[in-house]
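Take a look at the letters that make up each chain.
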Amino acid sequence: MKFQSIITIDRHFIDQEKKFPYATGEFTKILYNLSLAAKIVTRDVRKAGLVDIIGITSDSNSSGEVQKKLDMYANDVFVNVMNHDGIVCALASEEVDSLIELDESAWGGRYVVMFDPLDGSSNIDANVSIGTIFSIYKRQSPVGGPSQLRDVLQPGYKQIGAGYIIYGSSTMFVYTTGNGVHGFTYDPSCGEFLLSHPNMKTPKKGAIYSINEGNWNSFDPATQKYISFLKESDKESNRPYTSRYIGSLVADFHRNLLYGGIYIYPGTAKSPDGKLRLLYECNPLAMVIEQAGGKATNGQKRILDITPKDLHERTPLFIGSPDDVDQAMDFIREQEKHTVT
Ligand code: AHG
Ligand code: MN
Ligand code: MN
């Protein structure tokens, strides 16, 4: 029997660390802790239908949305694994209004971690794929004291690591530290994430578009024109595109990363900044897509160049294959010409 080389996620983290001669192992420990939390959440997502951890609680998060129990459970798991070894000085979560309070043992930490603990939570009860998104930065405030807001309000290009976990037909851990994007599939029989998708690249151009088209009437004219264009028939440019929308950003993003295409959550007249959060959703996925050869913009500028002003800031998002994102931007620029003149 031919034995294939097996690369566990821990081995991969260590191999990446070796590329940095002054690495202390602390950053690797953060990645390791994230993968540990992913295993714990996987276990509980898998049995969510069996135990009393699903169902709506009476609490709502900072954005006024109803939280599900599993959101809060996943939040607690990620906070718990991050907050015990003094490596992380600041933690922020989509589910928590302000910076998560850490005790003095975190004051010496040199890293900042932000996450969306459960993305796609409206899909939990329907057994549809959900995910976790994470983002890692270096601390900005002096080491030795409590963390400050400036530690978390950094532009996305300063991320030193980012990724997501998708709880789908299998669980996958996909991450980048700026050296390409690598995907691992969880093998429950040995309790390990194994390298299944080394050096992931997104196609230059795809044939899928993902947008909540129910919001059509509130899209700006440029987005409407672009979507209408994608539906036209033209063999040469592979149109009409296929429409795919799960409503779990992680799952929509992951599929489009593999197959190529564009995901759009635009601003609307009522919510000019759209729905998605810059720090917990857009920045980490923007780092991943750029590392995979794709692009991410808010329609005006690169997502990773936005300097956040607020922990829960939202932004419109156009993300995916580079040619598709460029083409969407062409429609926006064309519309702007008409608006100006
Ligand atoms: P979350 O479950 O973390 O609140 O995120 C939900 C997000 C995202 O996952 C998804 O793409 C989007 O909301 C769907 O929004 P619509 O229902 O408005 O399409
Ligand atoms: Mn989310
Ligand atoms: Mn969430």
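Residues numbered from 1 in each chain as written. Chains lettered and ligands numbered in written order. Predicted model: local features only at pLDDT ≥ 70, side-chain atom pairs only at ≥ 80, totals over all residues. Heavy atoms only, no water.

Q: An account of the coordination of the manganese ion (ligand 3) is requested, with residue identities and associated values reported.
A: The manganese ion (ligand 3) binds to the protein through E94 (OE), D116 (OD) and L118 (O), with metal-donor distances spanning 2.3 to 2.4 Å. Donor residues for the manganese ion (ligand 3), ordered by position in the chain, follow E-x21-D-x1-L. Separating the manganese ion (ligand 3) from the manganese ion (ligand 2) is a gap of 3.7 Å, which D116 spans by donating to each of them. In this structure, D116 and L118 share a single accessibility class: buried. (Donors = N, O, S within 2.8 Å, 3.2 Å for Na, K, Ca; no water. Buried < 20%, exposed > 50% of the residue type's maximum accessible area, 1.4 Å probe, protein only.)

Q: Give me the environment of D273: which residues, what numbers.
A: Positionally, D273 belongs in the loop between β12 (262-265) and α7 (278-291). By relative accessible area, which is 43% here, D273 ends up partly exposed. In contact with D273, other than residues within four places in its own chain, are G267, R314, T315 and P316. (Helix = DSSP H or I, 4+ residues; strand = E, 2+ residues; numbered from the N terminus. Contact = heavy atoms within 4.5 Å.)

Q: Explain the coordination of the manganese ion (ligand 2) to me, using residue names and the numbers behind them.
A: The protein atoms that coordinate the manganese ion (ligand 2) are D116 (OD), D119 (OD) and E281 (OE), at distances of 1.8 to 2.2 Å. Each donor residue of the manganese ion (ligand 2) lies on the same chain, and together they follow the pattern D-x2-D-x161-E. The class of D119 is buried, set by a relative accessible area of 5%. Using a relative accessible area of 2% as the deciding quantity, one classes E281 as buried.

Q: Account for the packing of aromatic side chains, with residues named and values stated.
A: Within a pair of aromatic rings, the relevant descriptors are the distance that separates the centres and the angle that separates the planes. In the structure shown here, the tally under the stated rule is 14 aromatic pairs. Note on F78 and F115: the rings are 5.7 Å apart at their centroids and 35° apart in plane angle, and the pair reads as tilted. Note that F78 is positioned in helix α3 (residues 69-82) and F115 in strand β4 (residues 111-119), a separation of 37 residues in sequence. Judged by its relative accessible area of 1%, F78 is buried. Under the relative-accessibility criterion, F115 is labelled buried at 0%. Aromatic pair Y164 and F253: ring centres 5.6 Å apart, planes at 85°, arrangement edge-to-face. Here the residue Y164 occupies a position in strand β6 (residues 161-167), and F253 occupies one in helix α6 (residues 249-259), the gap between them amounting to 89 residues. What makes Y164 buried here is its relative accessible area of 0%. (Phe/Tyr/Trp six-rings, centres within 6.5 Å; stacked < 30°, edge-to-face > 60°.)

Q: Outline the environment of S321, supporting the account with residue identities and numerical values.
A: Structurally, S321 can be placed in the loop between β14 (317-320) and α8 (322-340). You can call S321 buried: its relative accessible area is 0%. Each C-alpha atom, one on S321 and one on K201, is 9.6 Å from the other, the two residues being 120 residues apart in sequence. In this view, S321 contacts T202, P203, K204, K205, G206, G260 and G261; residues no more than four positions away in its chain are not counted.

Q: Can you break down the nonpolar core residue by residue, with the values?
A: By size, the foremost hydrophobic cluster in this structure holds 39 residues, and its most contacted members are I30, L34, L91, I136 and F173. Counting 28 residues, the second-largest nonpolar core is a separate cluster that includes I166, V250, L285 and L317. (Core = buried A, V, L, I, M, F, W, Y, C linked by side-chain atoms within 4.5 Å.)

Q: Break down the domain arrangement of the protein chain for me, with residues and values.
A: Interfaces are frequently sized by the accessible area removed from exposure as the parts join. Along its sequence, the protein chain is carved into domain 1 (9-197) and domain 2 (208-340). Placing the centre of domain 1 and that of domain 2 at their C-alpha centroids yields a distance of 24 Å. Summed over both partners, the interface of domain 1 with domain 2 buries about 2800 Å², with 64% contributed by carbon and sulfur atoms. Looking only at domain 1, the three residues that lose the most surface to domain 2 are I133, L153 and Y164, adding up to 20% of its buried area. The shortest N-O distance in the salt bridge between E94 and R277 comes to 3.5 Å. Where domain 1 touches domain 2, the interface holds 14 residue pairs in polar contact (both at pLDDT 80 or more). (Domains from an automatic or database assignment. Buried area = accessible area lost by both parts, 1.4 Å probe. Salt bridge = Lys/Arg side-chain N within 4 Å of Asp/Glu carboxyl O. Polar contact = N/O pair within 3.5 Å; in protein donor to acceptor, adjacent residues only side chain to side chain.)

Q: Please set out the sheet that holds β12 residue by residue, giving values where relevant.
A: Taken together, the five strands give an open sheet; going across it, the order is β11-β10-β12-β14-β13, and neighbouring strands pair in mixed fashion. Among the strands making up the open sheet, the edge pair consists of β11 (242-243) and β13 (295-297). Where strand β10 (residues 208-210) lies against β12, two bridges are found, and the strand directions are parallel. Across the sheet, Y209 pairs through a bridge with I262, a residue of β12. Packing against the sheet, α6 makes contact with β10, β12 and β14, and its axis sits at approximately 165° to β10. Along the sheet face, α7 touches β13 and β14 and points at about 30° away from the line of β14. (Pairing = 2+ DSSP bridges. Axes fitted to C-alpha atoms, helices over the stretch in contact; angles between N-to-C directions.)

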